[in-house]
Amino acid sequence: MTDFATPPIAPFAIQFDADAARLTPEGPTLVRRMSALEGLFADHQAWEAAVADGDPIVYSVQSSPVPEVNRELPQSITTIEPGTTAGEFWMTKGHQHPDHQGEIYLALHGTGGLLMFDGEETAWLDMTPGTIGYIPPGWAHRSVNVGDDPYKFLAVYPGGAGHDYGWVLEHGMGNRVYSTADGHELRPFTARA
Ligand code: M6P
Ligand code: ZN
């Protein structure tokens, strides 16, 4: 067998239940409440009011037990609750991979979108069940729930890619995604007020 500096984990099976949106065996689950999204919504006062009003869960991420280390290939299922803050759809924090590597998302339930930004250009993919969104190396990525139901997707990503949240706070994501009478609309990024 190849001599790795850090020995990989042993082969094992993961049960993927698309209906229940669950991976078994389960690894860690991450819950992000509104307070964890500081500085990300355009309307800071509306964000503060939502934090004060019960600090709702915006999204949660359930992982399989594959570790986030170099060469391993972890998976996770993210559930974004439906909601808006001053008209801006609820979303993940979004991140850039410090070690630029690709990632895929498979939409499972609900209606979402995948917003990507490479520092100059923005890309948007409509995500409905069955869509695989491909995130190329070097594109920061954020998921947005643009529907009335929870939006759920499976992610598969290189374990050593990392999560740079500061990049998104500094550069934004190129666009913001707002609720409109007949769906959603992308508007040019504005710094938070
Ligand atoms: C997906 C993957 C994870 C990520 C999660 C939440 O499941 O991309 O790596 O952590 O979405 O997104 P964020 O880290 O931006 O909060
Ligand atoms: Zn990522």
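No experiment lies behind these values; they were computed from the predicted model shown.

A. Fine view of the nonpolar core. Formed by 33 residues in total, the largest nonpolar core has its most connected members in Met 34, Leu 37, Phe 41 and Tyr 105. Among the secondary structure elements, those contributing two or more residues to this core are helix 1 (44–52), strand 4 (57–63), strand 8 (103–109), strand 9 (112–117), strand 12 (140–145), strand 13 (151–156) and helix 2 (166–171). The greatest single-element share of this core, amounting to 4 residues, is contributed by strand 9. Setting aside residues no more than four positions away along its own chain, Phe 41 makes contact with Met 34, Trp 47, Thr 85, Glu 88, Phe 89, Trp 90, Met 91, Arg 176 and Arg 192. Core analysis: the second largest hydrophobic core is formed by 5 residues, Ala 21, Leu 23, Ile 77 and Leu 108 among them.

B. Inspection of the environment of Gly 113 at higher detail. By secondary structure assignment, the location of Gly 113 is in strand 9. Along the sequence, Gly 113 and Glu 185 sit 72 residues apart, while their C-alpha atoms lie 11 Å from each other. Discounting chain neighbours no more than four positions away, the residues touching Gly 113 are Trp 124, Leu 125, Met 127, Arg 142, Ser 143, Val 144 and Tyr 151.

C. Seen up close, the sheet that holds strand 10 (residues 122–127). Judged by pairing direction, the sheet is antiparallel, and its 3 strands sit side by side in the order 10-9-12 without closing on themselves. With one partner strand each, in any of the chains shown, strand 10 and strand 12 form the two edges of the open sheet. Neighbour-to-neighbour, the strand axes of the sheet open up by a mean angle of 20°, direction not taken into account.

D. Representation of the UniProt feature "domain: Glucose-6-phosphate isomerase prokaryote" (unreviewed entry) in the protein chain within the structure. Feature annotation in UniProt places "domain: Glucose-6-phosphate isomerase prokaryote" (unreviewed entry) on residues 31–184, given in this structure's numbering. Taken end to end, residues 31–184 comprises 10% helix and 41% strand; its first and last C-alpha atoms sit 25 Å apart.

E. Local environment of the coordination of the zinc ion (ligand 2). Within the protein, the zinc ion (ligand 2) binds to His 95 (NE2), His 97 (NE2), Glu 103 (OE) and His 141 (NE2); these donor distances fall in the range 2.0 to 2.1 Å. Classification of the site at the zinc ion (ligand 2) rests on its 4 donor atoms, whose angles at the metal span 89 to 159°, yielding the label irregular. Within one chain, the residues serving as donors to the zinc ion (ligand 2) are arranged as H-x1-H-x5-E-x37-H. The same class applies to His 95 and to His 97, which are both buried.

Scoring rules and cut-offs
- Residues numbered from 1 in each chain as written.
- Chains lettered and ligands numbered in written order.
- Predicted model: local features only at pLDDT ≥ 70, side-chain atom pairs only at ≥ 80, totals over all residues.
- Heavy atoms only, no water.
- Core = buried A, V, L, I, M, F, W, Y, C linked by side-chain atoms within 4.5 Å.
- Buried < 20%, exposed > 50% of the residue type's maximum accessible area, 1.4 Å probe, protein only.
- Helix = DSSP H or I, 4+ residues; strand = E, 2+ residues; numbered from the N terminus.
- Contact = heavy atoms within 4.5 Å.
- Pairing = 2+ DSSP bridges.
- Axes fitted to C-alpha atoms, helices over the stretch in contact; angles between N-to-C directions.
- UniProt positions renumbered as here; feature names shortened; annotations may be inferred.
- Donors = N, O, S within 2.8 Å, 3.2 Å for Na, K, Ca; no water.
- Tetrahedral: all angles 85-135°; square planar, octahedral: opposite > 155°, others 65-115°.

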